[in-house]
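Survey of secondary and tertiary structure
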Amino acid sequence: MTTVDELFAAMSAPKADRVILTIDEDLRIIDIPNLAVVIGAEGDKDVNRLYFKMDRLYRGTDLAAFMPRINYINATGKHYYYDANDLTIEGDSLTFSWLIRAQAAEASGMVEFSVCMRQYNGTDLLAEFNSTTASMKCLKSIHEEDAENDSNYSGTFDVLDQAVLDQAVMV
């Protein structure tokens, strides 16, 4: 069992500024490190970015000329995709990222996703590589766009304080 001191030590440890999910070349499995089991919280928009790293070559095919796309199903069951436009070549590896948009964090629950690499000649699809699916959790939050703003309401004590003040001024 983890002690409170161990938890505080872990909290103060420096964190990597990039969480990297690695795609295995042979099994096409997306390895999700412990720091990345949560995709965000319900209602998040453009505040979390996940980075992917994979081998540049797949059985002789150079994937550097392919366009990465993340296909996902959010917790409500809606299907979306995200085109990653930041593919970089780092030696024998490719990296790209997924900016978690509002659609991915629309509701709490599991978000299932896979990576798709596509090569085009104009609009013609020439080749396609897909990873297996992986999933991460979108945490529950209180996210209500039409909630009422309580900043404009006075509490009971505010009303009583004002009444006492009014009486004091009159005397």
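Our subject is the structure listed above.
Heads up: these notes are all about the structure in this document. For every chain, the first residue of its written sequence is number 1, and the numbers climb from 1 along that sequence. For a predicted model such as this one, the threshold for reporting local features is a pLDDT of at least 70, and the threshold for listing and counting side-chain atom pairs is 80 or more; totals across whole chains, interfaces and linings nevertheless cover every residue. Computation of side-chain values covers all heavy atoms of the structure but excludes hydrogens and water.

Where helices and strands are cited, they refer to DSSP runs of H or I of at least four residues and of E of at least two residues respectively, numbered from the N terminus. Counting its regular elements, the chain contains two helices and 13 strands. Exposure categories follow from relative accessible area, calculated using a 1.4 Å probe and restricted to protein chains: below 20% of the type maximum is buried, above 50% is exposed, and the middle band is partly exposed. Per-residue burial over the chain gives 27% buried out of 171 residues. The long-range fraction of contacts in the chain, counting pairs at least 24 apart against all pairs at least 6 apart in sequence, stands at 66%. Where accessible areas are quoted, they stem from the Shrake-Rupley method and a 1.4 Å probe; at the residue level, only the protein chains shown are allowed to cover. Of the roughly 11,500 Å² that the chain leaves accessible, carbon and sulfur atoms contribute 52%. Here, two residues are considered to be in contact whenever any of their heavy atoms come within 4.5 Å of each other.

Here we take up the packing of aromatic side chains. Within a pair of aromatic rings, the relevant descriptors are the distance that separates the centres and the angle that separates the planes. A pair of Phe, Tyr and Trp rings is counted when the ring centres sit within 6.5 Å of each other, with Trp represented by its six-membered ring. The angle between the planes then sorts it: under 30 degrees is stacked, over 60 is edge-to-face, the rest tilted. According to the stated counting rule, one finds six aromatic pairs in the structure shown. Between Phe52 and Phe113, the aromatic rings sit 6.3 Å apart at their centres with planes inclined by 75 degrees, giving edge-to-face as the arrangement. With a gap of 61 residues between them, Phe52 in strand E4 (residues 49-55) and Phe113 in strand E11 (residues 109-121) connect regions that are remote in the sequence. In terms of burial, Phe52 and Phe113 fall into one category: buried. Between the aromatic rings of Tyr72 and Tyr80, the centroid separation amounts to 5.6 Å while the plane-to-plane angle is 25 degrees, which identifies the pairing as stacked. We classify Tyr72 as buried; its relative accessible area is 5%. Remark: a charge is flagged as sitting over a ring if the NZ atom of Lys or the CZ atom of Arg is within 6 Å of the ring centre and within 35 degrees of the ring normal. Directly above the aromatic system of Tyr51 lies the positively charged group of Arg18, at a separation of 4.4 Å from the ring centroid.

In this structure, Arg69 sits in strand E7 (residues 67-73). Charged residues are defined here as Lys and Arg on the positive side and Asp and Glu on the negative side; His and the ends of the chain fall outside this count. For this document, the term salt bridge refers to a Lys or Arg side-chain nitrogen within 4 Å of an Asp or Glu carboxyl oxygen. One buried charge, Arg69, has no salt-bridge partner; the nearest side chain with opposite charge is Asp83, at 4.9 Å. N or O atoms within 3.5 Å of each other form a polar contact, as long as, within protein, one can give a hydrogen and the other can take it, and as long as residues adjacent in sequence are counted only when both atoms are side-chain atoms. One polar contact links Arg69 to Asn71, side chain to side chain, over a distance of 2.9 Å. Apart from residues no more than four positions distant in its own chain, Arg69 is found in contact with Tyr81, Tyr82, Asp83, Ser114, Val115, Cys116 and Arg118.

Another aspect to go through is the pairing of strand E12 (residues 124-130). As paired strands, E11 and E12 are joined by six bridges and run antiparallel to one another. Within the sheet, the bridge partner assigned to Arg118 lies in E12 and is Glu128. Hairpin connection from E11 to E12: two residues lie between these consecutive antiparallel strands, with Gly122 at a positive phi of about 70 degrees. In short, DSSP must find at least two bridges between two strands for them to pair.

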